[in-house]
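# Observations on the three-dimensional arrangement
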Amino acid sequence: MTSPHRSSDPATSPGWGAVFLVFLGGAFGVLLSTMVRQLGMGAFGSAALPLLLVNVVGALLLGLLVGLIPDATSRWRLFLGTGLLGGFTSFSAIPASLFPPLRESVELFGNTGEPAVYSDEMPGPDPVMDHSGLEALLLAPLSLVLGVLAAMLGMWIARQLISRGGGVGGARV
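The protein appears in an unreviewed UniProt entry as Fluoride-specific ion channel from Corynebacterium suicordis DSM 45110. Taken directly from UniProt, the Subcellular location (unreviewed entry) text for the protein runs: "Cell membrane". In its Catalytic activity (unreviewed entry) section, UniProt records this for the protein: "fluoride(in) = fluoride(out)".

## Here we look at the overall build of the protein
A tally of regular secondary structure across the protein gives 6 helices and 0 strands. Here the protein holds 173 residues, and 29% of them are scored as buried. Sequence separation of at least 24 residues holds for 76% of the intrachain contacts in the protein that already meet a minimum separation of 6. Working note: accessible area of the protein is about 11100 Å², and carbon and sulfur atoms make up 70% of it.

## Brief notes about helix H1 (residues 16–44)
Taking 1.5 Å as the rise per residue, H1 with 29 residues should run 42 Å; its terminal C-alpha atoms sit 41 Å apart, in good agreement. The set of residues buried in H1 consists of Ala18, Gly25, Gly26, Gly29, Ser33, Arg37, Gly40 and Met41. In the segment just after H1, Gly45 is the residue with positive phi, at about 70 degrees.

## Quick word on the nonpolar core
Within the largest apolar cluster, 7 residues are counted, these being Val54, Leu65, Leu68, Ile69, Leu85, Phe88 and Ala158. Every element with two or more residues in this core is listed here: helix H2 (48–68) and helix H3 (75–88). In this view, Ala158 contacts Leu64, Gly67 and Leu68; residues no more than four positions away in its chain are not counted.

## Digging into H3
Each α-helix turn comprises 3.6 residues. Residues three or four places apart therefore point the same way. Buried residues of H3: Arg77, Leu78, Phe79, Gly81, Gly83, Leu85, Gly87 and Phe88, and no others. On the buried face of H3, the contacting elements are H1 and H2.

## Regarding the packing of aromatic side chains
Under the defined criterion, the tally for this structure stands at 1 aromatic pair. Ring geometry for Phe20 against Phe23: centres 6.4 Å apart, planes inclined by 35 degrees, an arrangement best described as tilted. Taken together, the residues span about one helical turn, with Phe20 and Phe23 both in helix H1 at a distance of 3 residues. A residue is classified by how much of its surface remains accessible, and Phe23, at 56% relative accessible area, is exposed.

## Section: the UniProt feature "transmembrane region" (unreviewed entry) in the protein
According to UniProt, the feature "transmembrane region" (unreviewed entry) maps to residues 16–36, 42–66, 78–99 and 136–158 in the numbering used here. Secondary structure across residues 16–36 comprises 100% helix and 0% strand; the distance between its end C-alpha atoms is 30 Å. Annotated as 88% helix and 0% strand, the span residues 42–66 places its first and last C-alpha atoms 32 Å apart.

## Focus: the packing of H2 against H3
Following both chains from N to C, one finds H2 and H3 inclined at 170 degrees, their axes separated by 9 Å at the closest point. Between H2 and H3, the angle falls in the class roughly antiparallel. Across from Val54, Val57, Gly58, Leu61, Leu62, Leu65 and Val66 in H2, the residues of H3 making contact are Arg77, Leu80, Gly81, Leu85 and Phe88. Classifying every residue of the contact of H2 with H3 by side-chain character gives 9 nonpolar, 2 polar and 1 charged.

## Thoughts on the confidence of the model for the protein
Confidence in the prediction of the protein, expressed as mean pLDDT, is 76, and 62% of residues score 70 or more. Averaged pLDDT values over the elements of the protein bottom out at 53 in helix H5 (residues 99–108) and peak at 94 in H3. Low pLDDT, under 50, characterises residues 1–7; the predicted model gives this stretch 2 contacts beyond four residues in sequence or across chains. Note that pLDDT drops below 50 for residues 106–111; the model gives that stretch 5 contacts with residues more than four away or on any other chain.

Thresholds, definitions, all that
Sequence order sets the numbering: in each chain, residues are counted from 1 along the sequence as written. Local features in this predicted model are restricted to residues of pLDDT 70 or higher, and side-chain atom pairs are both shown and tallied only at a pLDDT of 80 or more, whereas totals for entire chains, interfaces and linings draw on every residue. Hydrogens and water are ignored here; the side-chain numbers use all heavy atoms of the structure. UniProt positions are given in the numbering used here, feature names are shortened, and annotations may be inferred rather than shown by experiment. Strands here are runs of E lasting at least two residues and helices are runs of H or I lasting at least four, both read from the DSSP assignment and numbered beginning at the N terminus. Three labels apply to residues, based on accessible area from a 1.4 Å probe with only protein chains included: buried if under 20% of the type maximum, exposed if over 50%, partly exposed otherwise in between. Two residues form a contact once any of their heavy atoms are found within 4.5 Å. Surface accessibility follows the Shrake-Rupley procedure with a 1.4 Å probe radius. Residue values consider only the protein chains on display as shielding. Given the number of residues in a helix, its expected span is that number minus one, multiplied by 1.5 Å. The definition of a nonpolar core used throughout is a set of buried Ala, Val, Leu, Ile, Met, Phe, Trp, Tyr and Cys residues joined through side-chain atoms within 4.5 Å. Stacked, edge-to-face and tilted labels apply to pairs of Phe, Tyr and Trp rings (six-membered ring for Trp) whose centres lie within 6.5 Å, assigned for plane angles under 30 degrees, over 60, and everything in between, in that order. To get an axis, a line is fitted to the C-alpha atoms, and for a helix only the part in contact is used. The angle between two axes follows their N-to-C directions and goes from 0 to 180 degrees. Should an angle lie under 35 degrees it is considered roughly parallel, over 145 roughly antiparallel, and from 65 to 115 roughly perpendicular; all remaining angles are considered oblique. Polar here means any residue other than Ala, Val, Leu, Ile, Met, Phe, Trp, Tyr, Cys and Pro, which are nonpolar, and Asp, Glu, Lys and Arg, which are charged; Gly is therefore polar. Every residue gets a pLDDT, meaning the predictor's confidence in that residue, from 0 to 100.

Next up, the structure:
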């Protein structure tokens, strides 16, 4: 008798090779994202614009990839999409970036009347958490709207490439 939690479908239970590809792609994606965000913080003096740029570019590339490689179990899509672009984009950083303005509210209106104490042990600016209240509040809707539009644009570009007989390396994937 088979366990109800186990499936023989490769799409729902990838092998260790697929897991390794996602891990490897994710490691490169996080490295690339960190480099872009650090360079952007140095250039713009703010973490919001580099974070927005990483997410929108990542959404565009993911839309292009999904359009070119529709098979979610493809090794290339696992490595590049789930791994590399999953590690590159930082949509999870958006809710976290809302924390500083919320923290200020808690400090002002704490339930004990005393300001809360938070650790500020991290040296230098934090690329995720250091946003002003307005910056953080604009980052969430802008990332979502621009990310969806960028993904749609990426899929449209992929359709154009495929309809012209293109694809990855001139061949269909």
